[in-house]
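Descriptive structure summary
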Amino acid sequence: VGEIILIDNSANSKILTIPKLIHILEGKNTYVNPAWNKGVELSKYDKLLILNDDIILSPYTIEHMCNIIEYDDIALVTATDYKHTHTSEQIKDLEKQNHEIDILDAPDFACFLISNETYEKIGEFDEGLYPAYFEDNDYCYRIILSGLKCIRSQNSAFYHYGSQTQNSGERV
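Since this is a predicted model, take the numbers as computed values, not measurements. (Residues numbered from 1 in each chain as written. Predicted model: local features only at pLDDT ≥ 70, side-chain atom pairs only at ≥ 80, totals over all residues. Heavy atoms only, no water.)

Points about the nonpolar core
As a rule of thumb, soluble globular proteins bury nonpolar side chains together. Leu-76, Phe-109, Phe-112, Ile-114, Phe-125, Tyr-139 and Ile-143 are the most contacted members of the largest nonpolar core, which has 17 residues in total. Residue assignment for this core shows that the elements contributing at least two residues are helix 1 (32-42), strand 3 (47-51), strand 5 (74-81), strand 7 (111-115), helix 4 (116-122) and helix 5 (135-145). At three residues, the largest contribution of residues to this core is made by helix 5. Setting aside residues no more than four positions away along its own chain, Phe-109 makes contact with Trp-36, Asn-52, Leu-76, Thr-78, Phe-125, Asp-136 and Tyr-139. (Core = buried A, V, L, I, M, F, W, Y, C linked by side-chain atoms within 4.5 Å. Buried < 20%, exposed > 50% of the residue type's maximum accessible area, 1.4 Å probe, protein only. Helix = DSSP H or I, 4+ residues; strand = E, 2+ residues; numbered from the N terminus. Contact = heavy atoms within 4.5 Å.)

Take a look at the structure:
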């Protein structure tokens, strides 16, 4: 891990001190797309793993995603939410999976890997899609229109608790 960029949209946050962490306190909910754009723009690295704050990754998730994004025509890789087939504890101990990769039919941007090259070619995440929802479909569609692919890796498992920010009581 080269760096961790935390765009903190909570109004009640404490400053975290973790090695390699860049903690950006927004002080208010700036919503998904502006936070993603800011994270990409601040990053010094070519590959960016963007995660929701309410997921657990399997031990092999990042490795699988990094391998897939190296293919020439793949612009973005999402992991697969195993919430409906595994518990959060089972995800932590999940064995290495060997499923085929599949072309994305429904993007799941709770956990996705993108390159700076893709971001520069496709452009920013559309901040007009406010406050959230459909930003993933929009970006994936723009990737497809450019002739590239969005891929969901079934080998890249995660467990998504889902809508934790939305259901936290903060106004969205």
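Some details on the pattern of salt bridges
A complete count under the given rule lists six salt bridges for this structure. Here Lys-47 makes a salt bridge to Glu-70, at a shortest N to O gap of 3.6 Å. Remark: Glu-70 occurs in the loop between helix 2 (61-68) and strand 5 and Lys-47 occurs in strand 3; sequence separation between them is 23 residues. Take Lys-47: its relative accessible area is 32%, and that puts it in the partly exposed class. Judged by relative accessible area, Glu-70 falls into the exposed class, the value being 53%. One salt bridge connects Arg-142 with Asp-138, and the closest N-O pair in it is separated by 3.2 Å. In this pair, Arg-142 and Asp-138 both sit in helix 5, four residues apart, roughly one turn of the helix. Residue class for Arg-142 comes out partly exposed when judged on its relative accessible area of 23%. Residue classification places Asp-138 among the buried positions, given a relative accessible area of 17%. Members of the salt-bridge network, linked through shared partners, are Asp-46, Lys-47 and Glu-70. (Salt bridge = Lys/Arg side-chain N within 4 Å of Asp/Glu carboxyl O.)

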